[in-house]
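# Working through the structure, step by step
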Amino acid sequence: MKFEFLMTLNSVLRHGSFASAADDMGLTPSAVSLQMKRLEEYVGQPLFDRSGRTVRPTPLASDLAESIRTALDAVEEARTRHSAALSGRVVIGAIRSLQPTMIPLVLREIGDRHPGLAVRVIQGDSGELLDHLKAGRLDGAALIRPTSGGSSRLDWQDLERQPFVFVAPPDSSETTAEALIARYDWIQFDTSLTSGRTAASHLHRLSPGTRPRFELESIEAVLAMVSAGLGVSIIPRLPVAPTVRAPVRQIPLGVSTPTRQIAFVCRSGDADNRRVRAIRDAFANGYGITRDGV
């Protein structure tokens with residue numbers, strides 16, 4: 001069994017497919033498949049479930065890769081240390097609300113600074129992205145940090161604490177959230193998500209008994225509805241970006257304003273990986289901070 005087989009396994013889990021791993025490792029997909037079969041013969045157990053239309057890693061594959069990832073990353077770091085240029089592929093996750101706001105800024109910086117680095121972006125809610133990260137399917141993720149602080153086995157960088165705001169149609173004249181709720185229908189952000197539940201809880205404090213007329217799965221959809229005069233809502237304040245084109249009135253919620261903490265997270269063993277650092281720094285620059293929080 002060759003050490004490079006383990007490196008290929010790590011690449012398959014990081015990038016999600018034999019084809020993507022082949023591109024990352026400079027191999028053909030058939031060579032990747034052959035290496036994985038040889039590795040399965042060596043360990044005596046299947047590492048991939050091939051019964052469906054797509055090949056899926058077994059828990060053993062994830063456990064094996066996680067056990068050796070620190071050593072593999074050390075080898076990769078040594079291999080690329082001689083060159084300042086970054087190459088290869090990195091897979092990151094980001095919650096939906098960051099896709100049209102921060103992701104364009106991050107990818108623009110990566111394109112300018114590291115033209116040889118390919119980036120795949122996966123969308124999901126924070127819990128889902130954390131699961132993917134722990135399983136080795138992501139190299140890092142930008143998400144909402146748990147109120148508990150998050151696992152100490154992961155490396156966290158706080159990016160921005162976002163307050164929630166009350167949003168109303170641009171031509172509305174009422175000056176208080178209570179008056180706006182009395183006039184307009186309530187538009188609820190998805191309560192299956194932490195931010196949606198936070199918004200719903202604050203609405204209950206403002207206007208007990210008010211029920212939503214509409215419930216939508218994305219903040220951008222909520223903004224579009226509010227901008228069109230179809231209701232009011234509470235959402236996290238988003239960074240200003242040219243892709244968000246729905247004008248609304250934003251009304252602060254006062255001293256009891258709820259917040260959410262946006263953070264970049266990776267596995268502790270990947271915190272010094274140059275590719276992951278490049279993505280982490282691009283997010284930090286996008287939020288206007290440095291690694292030291294200055």
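Values in this document were obtained by computation on a predicted structure and should not be read as measured data.

Tallied over the entire structure, the rule returns nine salt bridges. The partner of Asp-139 in a salt bridge is Arg-14, and the shortest N-O contact between them spans 2.9 Å. Placement of Asp-139 in the loop between helix H6 (126–134) and strand S5 (140–144) and of Arg-14 in helix H1 (residues 3–15) is noted, with a sequence separation of 125 residues between them. Residue Arg-14 is classed as buried on the basis of its relative accessible area of 5%.

For the protein, the mean per-residue pLDDT works out to 86, and 92% of the residues sit at or above 70. At the level of individual helices and strands, the protein shows its lowest average pLDDT in helix H4 (residues 59–80), which scores 75, and its highest in S5, which scores 96. Note that pLDDT drops below 50 for residues 290–294; the model gives that stretch six contacts with residues more than four away or on any other chain.

Another aspect to go through is the nonpolar core. Taken as a class, soluble globular proteins show a tendency for nonpolar side chains to be buried jointly. Membership of the largest hydrophobic core comes to 37 residues, with the highest contact counts inside it found for Leu-98, Leu-143, Val-265 and Phe-283. At the level of secondary structure, the elements contributing two or more residues to this core comprise strand S3 (88–94), helix H5 (102–113), strand S4 (117–123), H6, S5, strand S6 (154–168), strand S11 (259–267) and helix H10 (274–286). The element that contributes the greatest number of residues to this core is H10, accounting for six residues. If we skip the residues at most four places from it in the chain, Leu-143 touches Ile-95, Ser-126, Leu-129, Leu-130, Trp-156, Gln-261, Ile-262, Ala-263 and Val-265. Grouped together as the second largest cluster of nonpolar side chains are 18 residues, Ala-22, Val-32, Leu-39 and Ala-61 included.

Reading the values: the criteria
Residues numbered from 1 in each chain as written. Predicted model: local features only at pLDDT ≥ 70, side-chain atom pairs only at ≥ 80, totals over all residues. Heavy atoms only, no water. Salt bridge = Lys/Arg side-chain N within 4 Å of Asp/Glu carboxyl O. Helix = DSSP H or I, 4+ residues; strand = E, 2+ residues; numbered from the N terminus. Buried < 20%, exposed > 50% of the residue type's maximum accessible area, 1.4 Å probe, protein only. pLDDT = per-residue confidence, 0-100. Contact = heavy atoms within 4.5 Å. Core = buried A, V, L, I, M, F, W, Y, C linked by side-chain atoms within 4.5 Å.

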